[in-house]
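Descriptive structure summary
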Amino acid sequence: METERPKKDVLLRLKRIEGQIRGLQRMVEGGAACPDILTQVAAATAAIKKVGTAIIRTYMEECLEESRKEPVLKQKETLKDFQTAISRYIDWA
């Protein structure tokens, strides 16, 4: 992530997620009801997926566009790396 705006946005989202996770810890420690905990787990999971989506979007806009200026072999390597990362992300999500 080269530009500062997307980086700041991702960091802000991650800090919110960190707060959500701390809240989940407190819920478990405090003996909150399982449905309430699971609702918050779902919210944190959705937030993490949104971070992944933001990173993918930024990568596509910045890195893949930049690679067009590179030799063809470098372009193919960049695309292959991106495809591998996307595949891992899809398998997780």
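Source: prediction; values computed, not measured.

Another point: the pattern of salt bridges. The full count for this structure, using the stated rule, is three salt bridges. Across the pair arginine 5 and aspartate 9 runs a salt bridge, and its minimum N-O distance is 3.8 Å. Residue arginine 5 and its partner aspartate 9 are both found in helix α1 (residues 4-29); the two are separated by four residues, about one turn of the helix. Ionic pairing is found between arginine 22 and glutamate 18, a salt bridge with its closest N-O pair at 3.0 Å. One end of the pair, arginine 22, and the other, glutamate 18, are both in helix α1, four residues apart, so they sit about a helical turn from each other.

Moving on, we come to the packing of α1 against helix α2 (residues 34-67). Any two packed helices are characterised by the angle at which their axes cross and by the distance between the axes. In contact at an axis separation of 10 Å, α1 and α2 are set at 165° when each is read in the N-to-C sense. Judged by the angle between their axes, α1 and α2 are roughly antiparallel. The two elements α1 and α2 cross, and the hand of that crossing is left-handed. Looking at the contact of α1 with α2 residue by residue, the class counts come to 17 nonpolar, three polar and four charged.

Thresholds, definitions, all that
Residues numbered from 1 in each chain as written. Predicted model: local features only at pLDDT ≥ 70, side-chain atom pairs only at ≥ 80, totals over all residues. Heavy atoms only, no water. Salt bridge = Lys/Arg side-chain N within 4 Å of Asp/Glu carboxyl O. Helix = DSSP H or I, 4+ residues; strand = E, 2+ residues; numbered from the N terminus. Axes fitted to C-alpha atoms, helices over the stretch in contact; angles between N-to-C directions. Parallel < 35°, antiparallel > 145°, perpendicular 65-115°, else oblique. Left-handed = near helix turned anticlockwise from the far one by under 90°. Nonpolar A, V, L, I, M, F, W, Y, C, P; charged D, E, K, R; others polar.

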